[in-house]
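Remarks on the overall topology
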Amino acid sequence: GCIDPLFRVFVARVILDVVSFFDAVFLDVIFFDVVHFDVVHFDVVFCDPCIGGSTVAADLARPGAGLRAFFLADYAVNPLGTRSDDEVRAALNRWLDIAAHRSRHMIVACNTASVRLEDSRDVRRRAVELDVQLHSMVDLLDLLLARRSAELSGRRVCVMGTEYTVGRSLYRNRLLGAGASE
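Structure report, in brief. (Residues numbered from 1 in each chain as written. Predicted model: local features only at pLDDT ≥ 70, side-chain atom pairs only at ≥ 80, totals over all residues. Heavy atoms only, no water.)

**A short note on the nonpolar core**
The following threshold applies: In this text, buried Ala, Val, Leu, Ile, Met, Phe, Trp, Tyr and Cys residues form a nonpolar core when linked through side-chain atoms within 4.5 Å. Throughout, exposure labels follow a simple rule: accessible area from a 1.4 Å probe, protein chains only, divided by the maximum for the residue type, with under 20% read as buried, over 50% as exposed, and the rest as partly exposed. The way it works is that DSSP assigns letters per residue, a run of H or I at least four long becomes a helix, a run of E at least two long becomes a strand, and they are numbered from the N terminus. Contacts are assigned to residue pairs with any non-hydrogen atoms lying within 4.5 Å of each other.
Core analysis: the biggest nonpolar cluster contains 23 residues, and L92, W95, M106, V108 and L134 have the highest contact counts within it. Residue contributions to this core peak at seven residues, all from helix α3 (residues 85–100). Setting aside its immediate chain neighbours within four residues, M106 contacts V45, C47, L92, W95, L96, A99, V132, Q133, L134 and H135.

This is the structure in structure tokens:
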């Protein structure tokens, strides 16, 4: 597919154009070797295997929002839906290492990684050891459903994702449990 020709890393309230996608092999190499930040602590770190979640991070870090957000697009593991459990676990641990030095809050902004995180107790334990509060898309869905499940009552909801994400039925079961219909 066609990808925006520039990676965008959102830091504080500034968008830095880092490098052309086609010149990049691994974002972690770009991150450590090219990008130097004035701000070393952020309110939240978003981690995703692509730039899909970058618009959310950009919106939260917009001028006047008062939130300092860091977005990491880790193309080294994209697409994550085709990776093994060990590869996903390694990516989650790498993201934790990056987040631990920048924030106490990390959002796994990838549904596949979030679903696999449900079975990765070792990653959750490590986050506690690193004093990083780990928030997955599953966690955020649970929060949303707790607050707004009445709006789903009897309604059909489409779940789109990788074959792995949809095949696990985790989202489906949670949505049905909150009152959505088949």
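Next comes the rest of the account.
**Looking at the pairing of strand β3 (residues 44–48)**
Here is the rule we go by: When DSSP finds two or more bridges between two strands, those strands count as paired. A clockwise course of the path from the first strand over the helix to the second, judged with the strands pointing away from the viewer, identifies a crossover as right-handed.
Counting buried positions over the five residues of β3 gives five, a clear majority of the element. Residues of β3 alternate between two faces, with V44, F46 and D48 on one and V45 and C47 on the opposite face, all of them buried. When β3 meets strand β4 (residues 69–73), the two strands line up parallel, connected through five bridges. Each bridged residue has a counterpart across the sheet, and for C47 the counterpart in β4 is L72. Handedness of the crossover is the feature at issue here: the chain leaves β3, passes through helix α2 (residues 54–60), returns alongside β4, and the resulting connection is right-handed. Pairing analysis gives three bridges linking β3 to strand β5 (residues 105–108), with the strands arranged parallel. Across the sheet, V45 pairs through a bridge with M106, a residue of β5.

**Quick word on α3**
Threshold: Expected span of a helix: the number of residues minus one, times 1.5 Å.
Helix length check: α3 (16 residues) gives 22 Å between terminal C-alpha atoms against 22 Å at 1.5 Å per residue, within 8%. V88, A91, L92, N93, W95, L96, I98 and A99 are the residues of α3 that are buried.

**Examining the environment of R68**
Mapped onto the fold, R68 is located in the loop between α2 and β4. Classification of R68 as partly exposed rests on a relative accessible area of 30%. Once the C-alpha coordinates of R68 and A58 are considered, the two residues, ten residues apart in sequence, prove to be 9.7 Å apart.

**Some words on the environment of Y75**
You can see Y75 is positioned in the loop between β4 and α3. Along the backbone, Y75 and D48 are 27 residues apart, and their C-alpha atoms lie at a distance of 8.4 Å.

**A short note on the packing of aromatic side chains**
The test is simple: Put simply, two rings from Phe, Tyr or Trp (the six-membered ring, in Trp's case) pair if the centres are within 6.5 Å, and we call them stacked under 30 degrees between planes, edge-to-face over 60, tilted for the rest. For a ring to carry a charge above it, either NZ of a lysine or CZ of an arginine must fall within 6 Å of the ring centroid while also lying within 35 degrees of the normal to the ring plane.
Taken as a whole and judged by the stated rule, the model has one aromatic pair. With centroids separated by 5.4 Å and ring planes inclined at 45°, the aromatic side chains of F42 and F70 adopt a geometry described as tilted. Remark: F70 occurs in strand β4 and F42 occurs in the loop between α1 (27–33) and β3; sequence separation between them is 28 residues. It is R102 that lies over the ring of F70; its NZ or CZ is 5.9 Å from the centre.

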